Amino acid sequence: MKARPFLIAVVATVFVLFSLVAGLGWAMARQNPLRLVDQPLELPRAARFVPRDAALAVHWLMDPVRVPAYAQAVAPARNRRKARDGAQQIRDGAFALAGLDFESELVDWLGPQVSMALLEPNGPEASMGWLLVLESRDQDGARRFLQRFWQARSLAGTDLQISRYRGMGVISGKGALRGRNPQPLATALIDDDLLLLASGRGVLEQALDVSQLSDQHQLGDQELVEIVRQLGDGVALMVASPPALHSWLGLPKQLSQREDLLSLVAALKPEGSDLALEGLLRFQQPLEAVASEVGAADGLAQLTASAGGQAEALALLSSPSRLLDPSDQDPLVQWLGPLLRQQLKANELSSAATIAGLDDGPLLWLQQPEGWLVATKQDHPAVSVVDDALTEQGFIRSDLPSDDESLQVWTRLARQQSSTKNLLEAQLGVALAEEPDQAWWGQTLAALQQRKQGKALQPRLRQLNNLNRDDRPLTQQLVLGASPGRVQLQHWRPWTLMQTLADGSLQPSVQGLAMAVGPDQDEQSSSLRMRARLNLG
């Protein structure tokens, strides 16, 4: 039986963060496209017009004009032209969603900061609204754009309404250029260099209302400002509300519906052709310390030190038994637990589920072509406890001596039907190889043998090292190679949208994916920290 790694689905909850921001393309430097933006992150002026309760807000903090140049510079030589054209297509397509033509309407004046927000509908019949805030490089660029923008739409039949609201000139209308679907639009110009474009007059007036009250807009949220500062450097920010965590980002309802959950704040930073993400899931009160998390990083490191094999995926868990407990109310368990249980059930990994459910951690999972391989600390879980559980499933334990090492195997008889007669075969549930400090559980004997090939595991270990760098490793970690990463991405709505904007498949560009989640380093922290890295090439 070919099994998939039981934590593959976990990456869906974090990788979507990449796809939402990367939909505008790859990052770029201010002058030289190979130089990354190293300035500290901060909320832009546009955040003053974004309500704190916005479903989703993305602040893009660098010049979109230079997106194609950066994509070309960091791509392999054979793919540079394709990378440039693809990045340009994605960028232009993203602005086209708001009815804007980047090359003809924006390229001459658009500044480095672009903010987008999705607002929840006011009633059951209303649709979700959107707000786009564009910064102008000069005092006249946005004004000239507005004149051409509404003139072109007026000639196409749009009925314009011009008025003032809170001292600002507001232009609104319902229409579009010829050949495009009509949609309500409203604009306002702030201080001659900040343009607000919304999906209707009501949305625009809401943005102008909250800009007058510091306790209602994002820029006035001092806790959010401090969190952004702590995230360090980056090129983009995202703030997602609890409802958006499920509807837009795919997190389990059990987590997104917690009353004490505030928001998700994440920062994106490009590193060459890779995209790195750092984020915090914010709660109202400090999170309860988890005893099993103490020293978890050291235990996980010990398991990987002697691991090997040509793994397609690798997962490190500090407390698998807790993650599989549906009654545990810890937010980390509510996040990862449903995904872990779903993955185990979908792939019928009964033996693996038994071991994980009895292990208080740490645990290492390797998915290899020969099958899955699990490493645990010696007596965590005890062999006798696993034996009792497997016996209830119909497996019988026996010793399997060999020249290299003595193994224990759990097998059961299964009927093998053919066209002519019924046969019985011994079905292997799991094989165990014990070492002084740890135990290795394998789906097949070949998988157990593969653990001795340390060099073959280096690609996955490099992904782990690049993910953690000099920071303290988080307690739940997952890395995927190109193939499983691509398989998972193709089913996600934001990734599908990106490929639609790119007018072609982006799957071949995915070379690997890594993520980690765990409690923040501060014992009094009210956040869960996440870290992710997408390898593109």
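Below: a short report on this structure. (Residues numbered from 1 in each chain as written. Predicted model: local features only at pLDDT ≥ 70, side-chain atom pairs only at ≥ 80, totals over all residues. Heavy atoms only, no water.)

Re the pairing of strand E6 (residues 183–190)
Okay, so step 1: For E6, the tally of buried residues reaches six of eight residues, placing the bulk of the element in the interior.
Okay, so step 2: With five bridges connecting them, E6 and strand E7 (residues 194–198) associate as antiparallel partners. Its bridge partner lying in E7, Leu-189 is registered against Leu-195.
Okay, so step 3: Count of turn residues in the E6/E7 antiparallel hairpin: three residues, of which Asp-191 carries a positive phi of about 55°. (Buried < 20%, exposed > 50% of the residue type's maximum accessible area, 1.4 Å probe, protein only. Helix = DSSP H or I, 4+ residues; strand = E, 2+ residues; numbered from the N terminus. Pairing = 2+ DSSP bridges.)

Let's talk about the packing of helix H13 (residues 350–358) against helix H14 (residues 383–392)
Okay, so step 1: The geometry of H13 relative to H14 is characterised by a closest axis approach of 10 Å and an angle of 140° between their N-to-C directions. In this view, H13 runs oblique relative to H14, as classed from their interaxial angle. Viewed along their axes, H13 and H14 form a crossing whose handedness is right-handed. Contact residues: Ser-351, Thr-354, Ile-355 and Leu-358 in H13; Val-385, Val-386, Ala-389 and Leu-390 in H14. (Axes fitted to C-alpha atoms, helices over the stretch in contact; angles between N-to-C directions. Parallel < 35°, antiparallel > 145°, perpendicular 65-115°, else oblique. Left-handed = near helix turned anticlockwise from the far one by under 90°. Contact = heavy atoms within 4.5 Å.)

Quick look at the pattern of salt bridges
Okay, so step 1: According to the stated counting rule, one finds 21 salt bridges in the structure shown.
Okay, so step 2: The partner of Arg-91 in a salt bridge is Glu-103, with the nearest N and O atoms 3.0 Å apart. Of the two residues, Arg-91 is situated in helix H3 (residues 80–96) and Glu-103 in helix H4 (residues 102–106); the sequence distance between them amounts to 12 residues.
Okay, so step 3: By relative accessible area, which is 39% here, Glu-103 ends up partly exposed.
Okay, so step 4: Note that Asp-328 and Arg-322 form a salt bridge whose closest N and O atoms lie 2.8 Å from each other.
Okay, so step 5: On the basis of relative accessible area, Asp-328 is assigned to the buried category, the value being 14%.
Okay, so step 6: Assessed through its relative accessible area of 25%, Arg-322 is described here as partly exposed.
Okay, so step 7: Ionic contacts of the salt-bridge type, sharing partners, join the residues Glu-405, Glu-435, Arg-451 and Lys-452 into one network. (Salt bridge = Lys/Arg side-chain N within 4 Å of Asp/Glu carboxyl O.)

A short note on the side chain of Arg-282
Okay, so step 1: Structurally, the position occupied by Arg-282 is in strand E10 (residues 274–283).
Okay, so step 2: With a relative accessible area of 6%, Arg-282 lands in the buried category.
Okay, so step 3: If near-sequence neighbours (up to four positions away) are discounted, Arg-282 is found in contact with Asp-221, Glu-223, Leu-224, Ile-227, Asp-260, Leu-261, Leu-262, Ser-263, Val-265, Ser-526 and Ser-527.

Regarding helix H5 (residues 141–155)
Okay, so step 1: In this model, H5 (15 residues) spans 21 Å end to end at C-alpha, consistent with the 21 Å of a helix rising 1.5 Å per residue.
Okay, so step 2: Here H5 has its buried residues at Gly-141, Ala-142, Phe-145, Leu-146, Phe-149, Trp-150 and Arg-153. Take H5 and look down its axis: the buried residues cluster within an arc of 140°, on one side only. The exposed set on the far side of H5, more than 90 degrees from its buried face, consists of Gln-147, Gln-151 and Leu-155.
Okay, so step 3: Once H5 finishes, Gly-157 follows within two positions and takes phi at roughly 110°, a positive value. (Expected span 1.5 Å × (residues − 1). Arc of directions from axis to C-beta.)

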